[in-house]
Amino acid sequence: MCSRFVYDNEISQVENSNATARLWIQPDHTVYKQYVVRNEVTEQNITNLLLMAEHKKAWKISEIVFPLEIVKDSGAVLGYTMLYINGRTIDKYQSDRKVPRNSQLGVLLKVAKVIDALPKGVYIGDLHGNNILIDDNENIHIIDVDGFSLDKGYKISCPAEFWLLSSARQNKKYWKGGRFVISKDSDILCWYMLFVTWLMGASPLMYTENEVQNYFSYLKSVGFSTSILDDISRLSSKRHNIINIAHINELSEKELSRFSYHEYRESTMKKFMV
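Asks: Would you explain the confidence of the model for the protein chain in this entry?
Replies: Any segment with low pLDDT has predicted coordinates that should not be analysed in fine detail. Per-chain confidence: the protein chain averages 90 in pLDDT, with 94% of residues scoring 70 or above. Across the protein chain, element-level confidence peaks in strand 8 (residues 140-142) with a mean pLDDT of 98 and bottoms out in helix 5 (residues 160-163) with 69.

As structure tokens, then:
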């Protein structure tokens, strides 16, 4: 434990049962991320942390929360400090019914633009609803930079690995040599999971595949972008995934409430009542 840090204000990680570090808020409004479990994954985190800290092209992306200092003792990395972000996770932001739908879509657009701007060979990898923070000005902050994956470092983790059904593991876009492939394709897959979860109001994994397809058919019938639906279908093909920023942006100009899963269910019930 490094004596120059204060250890009386810890950020709870109750939702992260696999946490290998503790997060301490410091008096200067920074956070000290202290590695407390030393295992293979931690060593991979440290390797990627050091690579990201020196990656000049990645530093140009202001939405990524980079380390302020790598904390060492006798050459060994103990952790790192970063700016404290006073915000809430994108999961909580997107599920807040008081937040306008257009604002929520705008935040998703910002995440998509970060994925598009990442330098070649750098991937968010562990892209999910708890490692993107939204501040009061609706700016996004992508944390856990030591969890990023790099071609020149380690490919660490990706939540999409747990989303795919066994049949999808035949797709070499995601699986090769019995292992999940972390790439721009997997980052885009993770982004679409956030996008569809926002559209439906809950993770699509909570519904049967047939129910999700019926919902997509409804979207098409009420004027939802067919280009976006085609890009979603592309996720299960062998072609590389894409996010068309312009098409997503055009969506923000439409009345988003009619695309909700609630409206779909209301429409279905009315058909049964006729």
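Asks: Just checking my understanding: could you explain the nonpolar core for this structure?
Replies: Generally speaking, nonpolar side chains in soluble globular proteins are found buried as a group. One finds Ile-132, Phe-148, Trp-191, Phe-195, Tyr-215, Leu-219 and Phe-224 to be the most contacted residues of the largest nonpolar core, which totals 76 residues. Per element, the largest residue contribution to this core is 11 residues, and it comes from helix 6 (residues 184-200). In this structure, Phe-148 is in contact with Asn-48, Met-52, Ile-64, Leu-118, Val-122, Tyr-123, Ile-124, Ile-142, Ile-143, Tyr-154 and Ile-156, ignoring residues within four places of it in sequence. With five residues, the next largest nonpolar core counts Cys-2, Trp-24, Tyr-32 and Val-71 among its residues.

Asks: Before we go on, may I ask you to explain the packing of aromatic side chains in this structure?
Replies: Here the distance between the centres and the angle between the planes together describe a pair of aromatic rings. Inspection of every chain in the model, using the stated rule, returns 17 aromatic pairs. With a centroid separation of 5.6 Å and 85 degrees between ring planes, the pair formed by Trp-175 and Phe-180 is classed as edge-to-face. Here the basic side chain of Arg-101 rests over the ring of Trp-198, its NZ or CZ set 4.3 Å away from the ring centre.

Asks: For this particular structure, what's the right way to read helix 6?
Replies: The periodicity of an α-helix, 3.6 residues per turn, causes residues three or four places apart in sequence to face the same way. Taking 1.5 Å of rise per residue, the 17 residues of helix 6 would be expected to cover 24 Å, and the 24 Å separating its terminal C-alpha atoms lies within 8% of that figure. Between a side-chain oxygen at the N-terminus of helix 6 and the backbone nitrogen of Asp-185 the separation is 3.2 Å; the capping residue is Ser-183.

Asks: When you look at the environment of Gly-106 in this model, what are you seeing that I'm missing?
Replies: Residue position: Gly-106 is located in helix 4 (residues 101-117). Taking the relative accessible area as the measure of exposure, Gly-106 reaches 23% and is therefore partly exposed. As a C-alpha pair, Gly-106 and Ser-186 span 80 residues in sequence and 21 Å in three-dimensional space.

Asks: Any chance you could explain the sheet that holds strand 3 (residues 69-73) here in plain terms?
Replies: Across the sheet, which stays open at both edges, the four strands sit in the order 1-2-4-3 with antiparallel pairing between neighbours. The strands lining the two open edges of the sheet, one partner per strand, are strand 1 (21-25) and strand 3. Averaged over all neighbouring strand pairs, the angle between strand axes comes to 25 degrees, with direction disregarded. When strand 2 (residues 30-35) meets strand 4 (residues 76-83), the two strands line up antiparallel, connected through five bridges. Bridging across to strand 4, Val-31 finds its partner in Met-82. Against the sheet, helix 1 (residues 40-53) makes contact with strand 2, strand 3 and strand 4, and its axis sits at roughly 140 degrees relative to strand 2, the strand it touches most.

Asks: Quick question: what am I supposed to make of the pairing of strand 4 here?
Replies: Moving residue by residue along a regular strand, the side chains alternate between the two faces of the sheet. Examined bridge by bridge, strand 3 and strand 4 share five bridges and lie antiparallel to one another. Residue pairing in the sheet places Glu-69 in a bridge with Thr-81 of strand 4. Taking the residues that link successive antiparallel strands as the turn, the strand 3-strand 4 hairpin has two residues, and the phi of Ser-74 there is positive, at about 55 degrees.

Asks: Where do I start with the sheet that holds strand 7 (residues 132-134) in this structure?
Replies: Strand pairing in a sheet takes place through backbone hydrogen bonds and is either antiparallel or parallel in direction. A sheet is described by the order of its strands in space; here three strands give the open sequence 5-7-8, paired in antiparallel fashion. Whereas interior strands pair on both sides, the edge strands pair on one side only; in this sheet they are strand 5 (88-89) and strand 8. Bridge analysis of strand 5 against strand 7 gives two bridges, and the strand direction is antiparallel. Residue pairing in the sheet places Arg-88 in a bridge with Ile-134 of strand 7.

Asks: Before we go on, may I ask you to explain the pattern of salt bridges in this structure?
Replies: Opposite charge on two side chains makes pairing possible when the charged atoms of those side chains draw close. One pass over the structure, following the stated rule, counts nine salt bridges. Of the charged contacts, one joins Arg-38 and Glu-43 as a salt bridge, the two residues approaching to 3.3 Å between their closest N and O atoms. Overall, the relative accessible area of 37% leaves Glu-43 in the partly exposed class. Salt-bridge contacts for Lys-155 lead to Asp-151; the nearest nitrogen and oxygen are separated by 3.3 Å. The class for Lys-155 is partly exposed, based on a relative accessible area of 35%. In the salt-bridge network here, residues are joined through shared partners; they are Lys-33, Asp-144 and Asp-146.

Asks: How should I be thinking about the environment of Phe-216 in this particular structure?
Replies: Examined against the element boundaries, Phe-216 turns out to sit in helix 7 (residues 209-221). Residue Phe-216 is classed as buried on the basis of its relative accessible area, which comes to 12%. Along the backbone, Phe-216 and Ile-232 are 16 residues apart, and their C-alpha atoms lie at a distance of 9.8 Å. Look past the residues within four positions of Phe-216 in its chain and what remains in contact with it is Val-196, Leu-229 and Ile-232.

Asks: Just to check I follow, could you spell out the side chain of Ser-186 for this structure?
Replies: Relative to the helices and strands, Ser-186 is located in helix 6. A polar contact is formed between the side chain of Ser-186 and the backbone oxygen of Ser-183, at a distance of 2.8 Å. With residues up to four places along the chain from it excluded, the contact list for Ser-186 reads Cys-158, Phe-180 and Val-181.

Procedures and definitions
Sequence order as written defines residue numbering, which begins from 1 separately in each chain. In view of the model being predicted, local features appear only for residues whose pLDDT reaches at least 70, and side-chain atom pairs are presented and counted only at 80 or more, with totals across whole chains, interfaces and linings using the full set of residues. The basis for every side-chain value is the complete set of heavy atoms in the structure, and neither hydrogens nor water enter the calculation. Known as pLDDT, the predictor's per-residue confidence is scaled from 0 to 100. Secondary structure follows DSSP: runs of H or I at least 4 residues long count as helices, runs of E at least 2 residues long count as strands, and numbering of each begins at the N terminus. By nonpolar core we mean a set of buried residues, namely Ala, Val, Leu, Ile, Met, Phe, Trp, Tyr and Cys, connected to one another through side-chain atoms within 4.5 Å. Residue exposure (1.4 Å probe, protein chains only): buried if accessible area is under 20% of the type maximum, exposed if over 50%, otherwise partly exposed. Any two residues whose heavy atoms approach within 4.5 Å at even a single point are treated as in contact. Any pair of Phe, Tyr and Trp rings, taking the six-membered ring for Trp, is counted once the centres come within 6.5 Å. Such a pair is stacked with planes under 30 degrees apart, edge-to-face with planes over 60 apart, and tilted for the rest. The criterion for a charge sitting over a ring is simple: Lys NZ or Arg CZ within 6 Å of the ring centre, and within 35 degrees of the ring normal. A helix's residues, less one, multiplied by 1.5 Å, set its expected span. Pairs of N or O atoms within 3.5 Å make up the polar contacts considered here, provided that, within protein, one atom can donate a hydrogen while the other can accept it, and that residues adjacent in sequence are counted only when both atoms are side-chain atoms. We treat two strands as partners when DSSP finds at least two bridges between them. Throughout, an axis means a line fitted to C-alpha atoms (over the contacting stretch in the case of helices), and angles, computed between N-to-C directions, take values from 0 to 180 degrees. By definition, a salt bridge exists where a carboxyl oxygen of Asp or Glu is found within 4 Å of a side-chain nitrogen of Lys or Arg.

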